[in-house]
Structures are given as structure tokens and as C-alpha cells.
Amino acid sequence: VIFIYVVFLLSTGVSTERVIVDPHITAILGKKIELMCVVHVQEALTQISWEKVHNGSTQTLAVFNPTYGISIPDEYQDKLSFKTPSENDATLVLKEVSFTDAGEYTCKVVTFPYGNTQASTTVTVMVEPKVSVSRGSDPLMDGGNETVVAVCTAENGKPAAEITWVSEVFGEPVQTLIDEPNDCVTVENRYNWKPTRFAQGKQLTCVIRHPALESEIRIPFTLDVLHAPEVAITGYDDNWFVGRENVQLKCNAAANPGATQYSWSRLNGELPAGLRIANNTLIFGRPLDHNDSGTYQCEVTNDIGSRTNTRNIYILDPPPTTTTLPTTPLPHTTAGITSLAATKRALFTSPTLESLHEGPLGTIIGGAVGGALFLILLIILVGVCYMKKRRTFRGDYYTKQYTGPSDMQKESPLDVLQPHELQQYNDPNNGSLKQKTNEVIYPDYSKDVKNNEWGNVENMNRCTEGDTLPVDYYEDRMPVGTKYAQDDYYEGNDGDFVSHLDGSVISRREWYV
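Residues numbered from 1 in each chain as written. Predicted model: local features only at pLDDT ≥ 70, side-chain atom pairs only at ≥ 80, totals over all residues. Heavy atoms only, no water.

Going by an unreviewed UniProt entry, the protein carries the name NECT3 protein and comes from Polyodon spathula. The UniProt entry for the protein carries the following text under Subcellular location (unreviewed entry): "Membrane". Per UniProt, the protein carries the Sequence similarities (unreviewed entry) text "Belongs to the nectin family." (UniProt positions renumbered as here; feature names shortened; annotations may be inferred.)

Rendered as C-alpha cells:
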């Protein structure tokens, strides 16, 4: 009956619930692992043992007996141990895992009267790769051919590691896998790139990922590109003038390896006297003069080669503001206020200021201003003459002589009544108004009025250019002793003047002069 009951328990899987283990454990080579075994039984516990299947046979590694204690073979004394041995916990600690420790392990529990119950776990050994980054075999030369910049290696990993690059330059990675013993793999990833000096100092980063690693590994690599010097000259601010002091030119060089020599020269002649060279600096140890103008060249040399750069220097005339005041200090004595005042008067009245230097710039500016003023005055005079000429009366100013209208002088329409003025000037005593076909209104006086006051009408109608206009009609309206008509004869300022097409006007009062 007991045998039948044990078979029933094994067939229904109850034993797996009585012994609990991890079904799979990953171990890292050289590290320790724990093989968990938790026991839940109600019957009497005889013993708990760990066994390993190796080459088709079973080998007992450790035994825990509640009565007799722990038993471990001598070859495993330093490698195996129970964590907290008891009737409910038989977790086994495996130290310094090696490749031979991979395989299947079984936790077996013996009880009475129901017999054995067990559960198994599989141990897999991984190998953490050894990672490194090294530079390529050839140095990186500016402008050279494509070459291996750096090599990132994950050595003897199990399984193979994953390698990627994070780069500030654009290159091409090439990966190689190398099989190693115990199913390990070495991964080499080469980064190929065509060197240029503009990438000097930039970084590559090798990123390694592997299951045996707690996190990814990132290894930076700094690019070291060899190149000849890049030369730049500084210190000149385009405002060097005669008399300026404490100026210098500095030769800056970006070189890899560093610069070993600096040399200065002037292309249009020898270096002026009074200059000295200190490392990469050309120092002007005296006030500037016009002889310092020229093209200065700096040559820099390193192990790769030599490069030069030039700078054009122009020495200007001194500006007027460079005149210096007397530098004699005021006396700091206690001779009295009178002595101090006398000293100040002497400073201001004494002609100690040096005369200002006259340069060509002031002459040029003065000439330009004078020329502009003369041109403006000439334009004003021409405009005045032109306007005066336009307002000049064209014709005979002896206004009693009739001058017929021409292209430049037409008969003024001011004496002619317009249609809208018909009601305003209608005078039934002097005659009716009639309108001609051209829509211009003329007053129609009687023939007697025309003969008595105007003279002979027929003669007037037959008058030609140059005949004298009859003025008897207006003489009775003139004040005694004057040749001008009365003011009430003229209707406002507009009626007092006759305009011409050329823009000139003439007063009607002049007609009686």
C-alpha cells in the first residue's frame, strides 16, 4: 500500500511542490552562486543531498542529515557549503565557479515512510569578457589615407559580446569574431577613418554589452592627429600710428606635435631697428614710425613640417588728439595759496604746448567742405536767375501801346465775364448782356456810349497792333493830379493785375503812366 501511495505522489507532481529550486541559474566564471533548495514535508525527514550528473553518472556533492550533520567530500571542502542547513532549507553555495561547474544539479529529499522526493536545476557558466581599446598600428596623419583609428576588443567572452561606437567623426566600423576554447569568443571591432586635423582632440567611445555585465561598459578614445602648424598672427588692430608705443605681434600656432621653432621676417626688407623677438612674439620696443610699415611674416616649425603666415602693417599719421599736455606735476609744498595760484597761472599762460602736426587728412576734409559750400551757392544763384527770368514781362512796357497776344502772351480772361458771373454783373442801365457762341459773355453798350466815351467805334474796331488804346473813358474817373485810376475802380487785387502765360504779372495802373 505504501509503495502504491509513493508512486501516486510522483505521478501527480506533488513532489515538485515539496522541494522548490531555481530551474535555471547563470553563473559567471570565477564568481560564486547559490543553488536554492527549500523543503516542505510533513513526514519525518531522513536526509537532504545534492547530486550532479556528470558524463552520464551521478556524483554526490553534499549531504545534510538532521541527526549526523553535514558531509562533503574532501575535493569539494573549499568549494561547497550549505548556506543555512535545516530540515526546511538545503541551499548550497558554490564558490569560484569554473567551466566544469556547468551542468545539472539535483536536490534530493529522503523521508519516512514515503521515500524520496527531488527537484533539479541547470547551471550555465558565462564568461565576462575582458575589454580594452587601443590605437591603430599607424599614426594618424592629416590628409592621409583611410586607416584604423582605434580597436575595441572584448576578449574571451561567453557568449560573444556586442560592440558599438559613439563617434564625433564619420568613420566605418569593421568587426571580427575569433573562437576561443570553452565556447568563448573574442570580438574585435576596428574603427576606420580618413584623418583630418580638424578632428584633432575629438573623441570616440567604445560601448560593450554582455549578459555577464551588470551594465554596459563605455571606454573613451581621444583622436590624436599629427599635422603641421596652423599659423595666425595677432596683435595688430588697424590703428597703429606714428608715436604709438607698447605694441607687439604674436605668432599663434596650432601644431601636433607642438611647435619647436618660431622665426620672424619682413617681406619688403629687413626688420626695422629696435625690434626684438621673445619666443613667438615680435616686440616693438620703441615708438612707431612710418618705417615700420610693411608685410611681416612668421614661420613655425614642428616635427611634421613648417608653415607661414603674413600680416600687413600700416603706420598712420598721428591723430591730433595724441598731443600730450605738460606732465610737470603741481608742487605739493606749503608755500601758501598765493604761490599755488601763481603756479597755476604759469601753467596756463606759458606757451608750453607743442604745436599740432598738420597732416594731409585735415587739408582734404577742408577742401571737400569748401567745394561743397561753393557748389551749393552756385546752385542757389542759378535758381534765382532762372526764377527772375521767368517773371520778366515779355512785350512793350509802354503800356499805352497795344501789343497783340502772341504764343507767350495771350489776352487775359480777367476782363471777360464768365457764365457764372452773369447775374453779378447784369446792369440794365448800361445795356443788356448777350452770350456769344464761344460761351464768353461781353457787355453790349449802346453806340452813343461807345462814340461819346470811347471815340469812334469803327476806328477802334479797325485798330491794329501798335495803335494807341482810347483812354478818354477812364480819365473822368482819375483823381485830379494823378495818372492812376481810383482804387474803387478795381475789384480787389485780382482785378488790379494782368497775368501772362510766362508767369509774369503787370498792374493795370501802369497803363495810365
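After presenting the structure, the write-up continues.
Q: Would you mind going over the state of the cysteines with me for this structure?
A: Tallied over the entire structure, the rule returns three disulfides. The side chain of cysteine 37 participates in a disulfide bridge whose partner is cysteine 107; the two sulfur atoms lie 1.8 Å from each other. In this structure, the disulfide formed by cysteine 37 and cysteine 107 twists by about -75° around the S-S bond and is classed as left-handed. You can see cysteine 37 sitting in the loop between strand 3 (33-35) and strand 4 (38-39) and its partner cysteine 107 sitting in strand 10 (residues 103-112), a full 70 residues away along the chain. (Disulfide = S-S within 2.5 Å. Helix = DSSP H or I, 4+ residues; strand = E, 2+ residues; numbered from the N terminus.)

Q: How should the sheet that holds strand 20 (residues 225-234) be read in this particular structure?
A: Strands in a sheet are paired, the pairing made by backbone hydrogen bonds, and the direction either parallel or antiparallel. With mixed pairing, five strands are arranged side by side in an open sheet as 13-20-21-24-23. Looking at which strands have only one partner, the edges of the open sheet turn out to be strand 13 (140-141) and strand 23 (275-278). Of the pairings in the sheet, the one linking strand 13 to strand 20 comprises two bridges and is parallel in character. By the bridge assignment for strand 20, methionine 141 is matched with leucine 226. (Pairing = 2+ DSSP bridges.)

Q: Just checking my understanding: could you explain the side chain of asparagine 65 for this structure?
A: Turning to its location among the elements, asparagine 65 is positioned in strand 6 (residues 57-65). Judged by its relative accessible area of 13%, asparagine 65 falls in the buried class. A polar contact of 3.1 Å, which involves the side chain of asparagine 65, links it to the backbone nitrogen of tyrosine 68. If we ignore the near neighbours within four places in the chain, the residues touching asparagine 65 are Thr46 and Gln47. (Buried < 20%, exposed > 50% of the residue type's maximum accessible area, 1.4 Å probe, protein only. Polar contact = N/O pair within 3.5 Å; in protein donor to acceptor, adjacent residues only side chain to side chain. Contact = heavy atoms within 4.5 Å.)

Q: Explanation requested: the side chain of threonine 91 in the structure shown.
A: Take threonine 91: it is sitting in the loop between strand 8 (80-82) and strand 9 (92-94). Side-chain polar atoms of threonine 91 contact the side chain of aspartate 89, separated by 2.7 Å. What threonine 91 contacts, discounting residues up to four positions off in sequence, is Glu34, Leu35, Met36, Cys37, Ser81, Phe82 and Lys83.

Q: I keep staring at the pairing of strand 17 (residues 184-193) and nothing clicks. Help me out?
A: Each regular strand carries side chains that alternate between the two faces of the sheet. Where burial is concerned, most of strand 17 is hidden: nine out of the 10 residues are buried. With nine bridges connecting them, strand 16 (residues 172-180) and strand 17 associate as antiparallel partners. Bridging across to strand 17, glutamate 180 finds its partner in cysteine 184.

Q: Help me understand a nonpolar patch on the surface in this model?
A: A contiguous nonpolar patch, built from Leu361, Ile365, Val369, Leu373, Ile376, Ile380 and Val384 and spanning about 680 Å² of accessible area, is present on the exposed surface. Along the polypeptide, isoleucine 365 turns up in helix 4 (residues 360-390). (Patch = residues over 30% accessible without salt bridge, like charges linked within 9 Å, V, L, I, M, F, W, Y side chains within 5 Å. Areas by Shrake-Rupley, 256 points an atom, 1.4 Å probe, with all protein chains shown as cover. Salt bridge = Lys/Arg side-chain N within 4 Å of Asp/Glu carboxyl O.)

Q: Explain the pattern of salt bridges to me, please; I cannot follow it from the model alone.
A: When the charged atoms of two side chains with opposite charge come close together, those side chains can pair. Counted by the stated rule, this structure contains 13 salt bridges. In this structure, lysine 83 engages glutamate 34 in a salt bridge whose closest nitrogen and oxygen atoms are separated by 3.3 Å. Linking lysine 83 in the loop between strand 8 and strand 9 with glutamate 34 in strand 3, this pair joins segments that are 49 residues apart in sequence. With relative accessibility at 48%, the residue lysine 83 sits in the partly exposed group. In this structure, aspartate 289 engages arginine 286 in a salt bridge whose closest nitrogen and oxygen atoms are separated by 3.7 Å. One connected set of salt bridges, linked through shared partners, spans Asp142, Arg197 and Glu230.

Q: Explain the packing of aromatic side chains to me, please; I cannot follow it from the model alone.
A: By convention here, two paired aromatic rings are described through the distance between centres and the angle between planes. Inspection of the entire model under this criterion finds five aromatic pairs. Between the aromatic rings of phenylalanine 284 and tyrosine 296, the centroid separation amounts to 6.0 Å while the plane-to-plane angle is 70°, which identifies the pairing as edge-to-face. With a gap of 12 residues between them, phenylalanine 284 in strand 24 (residues 281-284) and tyrosine 296 in strand 25 (residues 294-301) connect regions that are remote in the sequence. In this structure, phenylalanine 284 and tyrosine 296 share a single accessibility class: buried. The rings of Tyr236, Trp240, Phe284 and Tyr296 are connected pair by pair, giving a single aromatic cluster. (Phe/Tyr/Trp six-rings, centres within 6.5 Å; stacked < 30°, edge-to-face > 60°.)

Q: Sorry, what's going on with unusual backbone geometry here?
A: Outside of glycine, negative phi angles account for most residues, and trans bonds account for most peptide bonds. For the bond running from lysine 158 to proline 159, omega is -5°, close enough to zero to count as cis. Take proline 159: it is sitting in the loop between strand 14 (147-157) and strand 15 (162-167). Cis geometry is adopted by the peptide bond preceding proline 257, which originates at asparagine 256 and carries an omega value of 0°. Within the secondary structure layout, proline 257 lies in the loop between strand 21 (247-256) and strand 22 (261-266).

Q: Looking at this structure, how should I read the sheet that holds strand 19 (residues 217-222)?
A: One open sheet holds the three strands; their spatial order is 15-18-19, and the pairing between them is antiparallel. Across the chains shown, the open sheet's two edge strands, defined by having one partner strand only, are strand 15 and strand 19. Strand-to-strand, the axes of this sheet are offset by a mean angle of 20°, without reference to chain direction. In this structure, strand 15 lies alongside strand 18 (residues 203-209), joined through six bridges in antiparallel fashion. The residue of strand 18 that forms the bridge with glutamate 162 is arginine 209. (Axes fitted to C-alpha atoms, helices over the stretch in contact; angles between N-to-C directions.)

Q: Honestly, the nonpolar core in this entry has me stumped. Any pointers?
A: Nonpolar side chains tend to gather and get buried jointly when the protein is soluble and globular. If you look at the biggest cluster of nonpolar residues, it comprises 29 residues, and the most contacted ones within it are Ile33, Leu35, Cys37, Ile48 and Trp50. Within the residue set of this core, elements represented by two or more residues are strand 2 (24-28), strand 3, strand 5 (44-54), strand 6, strand 8, strand 9, strand 10 and strand 11 (115-126). Not counting residues up to four positions away in its chain, the partners in contact with cysteine 37 are Val19, Ile20, Val21, Trp50, Asn88, Asp89, Ala90, Thr91 and Cys107. Listed in part, the 22 residues of the second largest apolar core include Ala161, Ile163, Val187 and Ile208. (Core = buried A, V, L, I, M, F, W, Y, C linked by side-chain atoms within 4.5 Å.)

Q: Hey, could you run me through the UniProt feature "transmembrane region" (unreviewed entry) in the protein in this one?
A: With numbering matched to this structure, UniProt assigns "transmembrane region" (unreviewed entry) to residues 364-387. Annotation note: span residues 364-387, helix share 100%, strand share 0%, distance between end C-alpha atoms 35 Å.

Q: How do you make sense of the pairing of strand 26 (residues 306-313) when you look at a structure like this?
A: Taken together, the eight bridges between strand 25 and strand 26 define a ladder with antiparallel strand orientation. Within strand 26, the residue paired with threonine 301 across the bridge is serine 306. Two successive antiparallel strands, strand 25 and strand 26, enclose a turn made up of four residues.

Q: Hey, could you run me through the confidence of the model for the protein in this one?
A: Should the pLDDT be low somewhere, the predicted coordinates at that spot are not to be read in detail. When pLDDT is averaged along the protein, the result is 76, and 65% of the positions lie at 70 or above. Element-level pLDDT for the protein is lowest in helix 3 (residues 337-349), with a mean of 36, against a maximum mean of 96 in strand 17. Within the model, pLDDT remains below 50 along residues 405-417, and this stretch shows 26 contacts once partners closer than five positions in the same chain are excluded. In the model, residues 421-442 has pLDDT below 50 throughout and makes 29 contacts with residues more than four positions away in sequence or in other chains. (pLDDT = per-residue confidence, 0-100.)

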